[in-house]
Amino acid sequence: MKSVIPKLLILLLFTVTIYAQNPIQVKIENGIIEGIHNTDVGLDMFLGVPFAKPPVGELRWKAPQPAENWDGVLETETFGNRPVQTNVWGDMIYRSDKMSEDCLYLNVWTPINRGDKLLPVLVYFYGGGFVAGEGSEPRYDGASMAQKGIVTLTVNYRLNIFGFLAHPELSAEAPYNASGNYGLLDQNLALIWVKANIKAFGGDPDKITIAGESAGSISVSSHMASPLSRDLIAGAIGESGAAINPTHYPRTLEEAENTGKEFVEKAGYNSIEDLRALSTEELFKLYNDSKRFGFPTVIDGYFFKESLPETFNAGKQAQVPLLLGWNSAEITGMAFMQGAAYTTENFIEKVEQTYPNDYKNVLKLYPHSNAKDVEISATELASDRFIVYSTWKWFDLHRKNSDQPVYRYLFSKVRPAGSNPEPIGAPHASEIEYCMGNLPLIDVYPWTDEDYKVSETMENYFANFIMTGNPNGTGLTKWPVAEPNDNTPSIMVIDVDSKSTKAQNDTRFEFHDDFYQSN
């Protein structure tokens, strides 16, 4: 582990000295920004860079507008405001000072010694169900990736009612005659900003890879499909999630507008004008009091022309290399059992209730002869229904409707915890700090040498993919491409001893493909 310990010390030093280094200035399209020249970590860092006008006042619930130019020098040495949200998950650590609707900022990490050759670029979108999250979270920190020679960015985007409310009045205002999707449009404008400005940081505007986890992964799949974004990217990485039924998939404009209209009416207001007149705090209280979990994305004829399966089946998605996967235990089996004990009888009963016309097929696919089998199968079934199937469908669509390479992983490393009972697999979002090289910044877990080994492996796979469109490289187990006509396509199991294997469970996903009719 000799190669790991120096990185640990460097990253810990980064967190201590981030504000103690010399400033550095860069000229971008809007003006001059001043960031941090940190010789201890070998990086220049520009934090809280505005890429859009603040979406406040009359710009609330409108597509983002490019940032205005400024005179003089704009300091970008601290993280910008985070989007308005509640920390609904409990695992989010914010490094920004405050929360505001004025939240459209991005962060850039780039090597000091960039040389003459333009570097590959990574733009990472955070997760959080489109209701929480921000680009300053330590697990998304871009320093470690930047130290590998990748210009790395994280991007804020609007959330919950501020980012995804659709309504007939809002559609009537918009030049494209639709509403909603503001958070996705924020991300799109950030990609446009990156394309226009990244050379100033040593990045290659023709080598932009987008990545994200959960809602961030759903966002990546969406940008691959969107006519607004698909020509801006050269590669894509998805970690657990795609905008495909049943996972945060876009609804029709009529359905989304009706959802928004119902919210406004139940809140006791007559118009969007009345809601725009409310303060941030008043509006957010209305949202929280409604007990809603966000608002759906929308097939608006602008960002989304149609569903993702329709776009991919027509071959109209971004024709770029894709690396994606999911975790071995995305969600607890109790999400399916709903509190019932892990017994054969209870499992059969829950399956019959959930799949009244197909329960015999489901029982064949998910073993249930004893309590341990039931716990594993309930976890796998809950995970498939939650987010695994949709991610698999994205994988299957791209490999069959593209001539670009597709790589699939299964992340199986269980974090050291001391929880009782021990988890049966890697839960949702647990891979983030591993793949981004950020274990030292997350002090919640007593990381071991095995964890650092897995992190080094996964980060190197990701870095290689960002650089070349292929995760393979020196010292790594070979990761085969998933071939389009292979009925058991390859999957890389990422664990202490990572290995490639042929798919063994795709029949589960093929069943759910028929069940959800995601075609």
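Residues numbered from 1 in each chain as written. Predicted model: local features only at pLDDT ≥ 70, side-chain atom pairs only at ≥ 80, totals over all residues. Heavy atoms only, no water.

## A few points about helix α12 (residues 344-354)
Here's step 1: Looking only at α12, the buried set comprises T344, F347, K350 and V351. With its buried residues spanning 130° around the axis, α12 presents them on a single face.
Here's step 2: Buried positions along α12 lie against α11 (334-337), α13 (359-365) and α14 (371-400). (Buried < 20%, exposed > 50% of the residue type's maximum accessible area, 1.4 Å probe, protein only. Helix = DSSP H or I, 4+ residues; strand = E, 2+ residues; numbered from the N terminus. Arc of directions from axis to C-beta. Contact = heavy atoms within 4.5 Å.)

## Points about the pattern of salt bridges
Here's step 1: One pass over the full model with this rule turns up 24 salt bridges.
Here's step 2: Linking K53 and E68 is a salt bridge whose minimum nitrogen-to-oxygen distance equals 3.7 Å. Here K53, found in the loop between β3 (43-50) and β4 (73-75), pairs with E68, found in the loop between β3 and β4; they are 15 residues apart in sequence, far enough to count as distant.
Here's step 3: Classification of K53 by relative accessible area gives partly exposed; the value is 29%.
Here's step 4: A salt bridge links R508 to D384; its shortest N-O distance comes to 2.7 Å. Of this pair, R508 sits in helix α17 (residues 506-516) while D384 sits in helix α14; the two residues are 124 residues apart in sequence, bridging distant segments of the chain. (Salt bridge = Lys/Arg side-chain N within 4 Å of Asp/Glu carboxyl O.)

## Here's the deal with the packing of aromatic side chains
Here's step 1: Applying the stated criterion across every chain yields a total of 29 aromatic pairs.
Here's step 2: When the ring of Y176 is compared with that of Y302, the centres are 4.0 Å apart and the planes differ by 10°; the resulting orientation is stacked. Of this pair, Y176 sits in the loop between α4 (168-173) and α5 (182-197) while Y302 sits in the loop between β11 (298-299) and α10 (308-313); the two residues are 126 residues apart in sequence, bridging distant segments of the chain.
Here's step 3: Under the relative-accessibility criterion, Y176 is labelled buried at 16%.
Here's step 4: Relative accessible area serves as the criterion here: at 30%, Y302 is assigned to the partly exposed category.
Here's step 5: Relative to F515, the ring of F511 lies with its centre 6.1 Å away and its plane at 20°, an arrangement referred to as stacked. Of this pair, F511 and F515 both sit in helix α17, four residues apart, roughly one helical turn.
Here's step 6: Note on F511: relative accessible area 12%, which makes it buried.
Here's step 7: Given a relative accessible area of 32%, F515 falls into the partly exposed group.
Here's step 8: One aromatic cluster in this structure is built from W326, Y355, Y389, W392, F509, F511, F515 and Y516. (Phe/Tyr/Trp six-rings, centres within 6.5 Å; stacked < 30°, edge-to-face > 60°.)

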